[in-house]
Structures are given as C-alpha cells and as structure tokens.
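# Structure at a glance
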Amino acid sequence: MSDQAVRADHLHEPFLQHHFVEPAQQVDAAKIGMWVFLVTEVLLFGGLFVGYGIMHAKHPEAFASAHHHLNRGLGALNTIVLLVSSFTMVMAVAAAQAGKRVQLIRHLIATLSLAGVFLVIKYFEYAHKIHEGLLPGRLYSYQGEAVPGEFMFFSFYFMMTGLHGLHVAAGMIVISWVLRRAIRGDFSERYYTPVDLVGLYWHLVDIIWIYLFPLMYLIS
C-alpha cells in the first residue's frame, strides 16, 4: 500500500491508530493483547485453585465444616446474576456489531446494574462473616462449634472471592467507560472493538465465578 493510500485510509477511518495500516490489523492486535491478558488472569486464579485443592486435601474435615457457614442461596443468586449479566453483555456486543446504538446503551446499563447487584449481595455475605468472626488467619474468632483449621478455608474464601470482586469492580469501570463512549456515539458497525474486548473480559469474570461457586459453596 502506498503512503498516500495509507494516509487516505487513516483519514477515512478516524478510529484507526497511526501505527496500524488498516482496521483489521488494529482489531487483530487488540484481540491478541486481550487474550494474552486473559491468559495471565487464568494463571493467577489457577494458582489459587491449586493451592485451595492442596489445602483441602490436607484438611478435609476443616474445609468440609467451614463451607457450611456459607449461604448457598446468596451464592446461587449471585451465580444467576452473573449469568444474566453475561447474556446482556453478549447482546451489547451484538447491538454494537449491528450499529444499534440505543440497544447497545440499554444492554450496557443492564450489565453494569447486574454487576452492582452482585457486589451488593457479596457485601451482605461479607458482613455476616465479619459479624460471626469467620475471618482468615489470625483474625478468625468464631465462637461457635468448629473444626480446628477452619480459618484456612476462610483465608482462601476471602482471598479468592475478594480478588474476584475486585475484577467485578474493574469490569464496572471499563463497562462505564464503554457506556460513556456509546452515549457519545463512538461506535458503529465498522468500529466496536472496545465493546468486544470488554465483553471478553466480562465473560472471564463470569467463568471464574462459575468455578468458585461450586468449589466454595457446594463441594464438601
């Protein structure tokens, strides 16, 4: 491609960054970058899952006893909330691809609202654990009947669900950023990459919870 053609292409596509030759190249680079980031997230949580499994194998009675303190109803409700939010995110991406701005905005607002609901429910869960003294490590001060070593379970519980909660909060920030741009009219059928990438991130957040829920709340 000649220099004049490249300059003309950049003028025709205002969203195209100067260091890319064409929109397809920019999209491919963005997706590769996002997938690399998602792999690092999988490795991070994968290490925590392995650590949990090792400690569970060493102290099965303590972990089995401790997980009964969790509220399965709230955990299941949060699972449903995230699954629905994943669906609304899919619909947001589809709306962006079709250039349907109003629908895109509505689905992003729905996803953002559901993420907020998830954190509110998690707040009530945490508040109950704190009140009961079901805390990690030396902070554990539960006064009821318990199996020695339960504090190890809650160390993993707060570490893993807390880290996941931070990812949910980060997702709300980037969804808000995409929503702001959608309201401004930045996206069209030709350019919706940020929506697509945020959708990939949000699906990973949902998938991690799909593994966390049975591991923490159901498997004894």
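Residues numbered from 1 in each chain as written. Predicted model: local features only at pLDDT ≥ 70, side-chain atom pairs only at ≥ 80, totals over all residues. Heavy atoms only, no water.

Take the overall build of the chain next. Each helix and strand counted, the chain has seven helices and zero strands in total. Traced from its N-terminal end to its C-terminal end, the chain shows the element sequence α-α-α-α-α-α-α. Within the chain, buried positions represent 42% of all 220 residues. A separation threshold of at least 6 residues defines the contact pool for the chain, and within that pool the share at least 24 residues apart is 75%. Put simply, the chain shows about 11700 Å² of open surface, and 67% of that area lies on carbon and sulfur atoms. (Helix = DSSP H or I, 4+ residues; strand = E, 2+ residues; numbered from the N terminus. Buried < 20%, exposed > 50% of the residue type's maximum accessible area, 1.4 Å probe, protein only. Contact = heavy atoms within 4.5 Å. Areas by Shrake-Rupley, 256 points an atom, 1.4 Å probe, with all protein chains shown as cover.)

What follows deals with the nonpolar core. Counting 55 residues, the largest nonpolar core has Leu104, Leu108, Phe153, Tyr157 and Met216 as the members making the most contacts within it. Mapped onto this core, the elements with two or more residues apiece are helix 2 (23-58), helix 3 (60-66), helix 4 (72-97), helix 5 (101-132), helix 6 (150-184) and helix 7 (193-218). Considering every element that reaches this core, the biggest residue donor is helix 7, with 15 residues. (Core = buried A, V, L, I, M, F, W, Y, C linked by side-chain atoms within 4.5 Å.)

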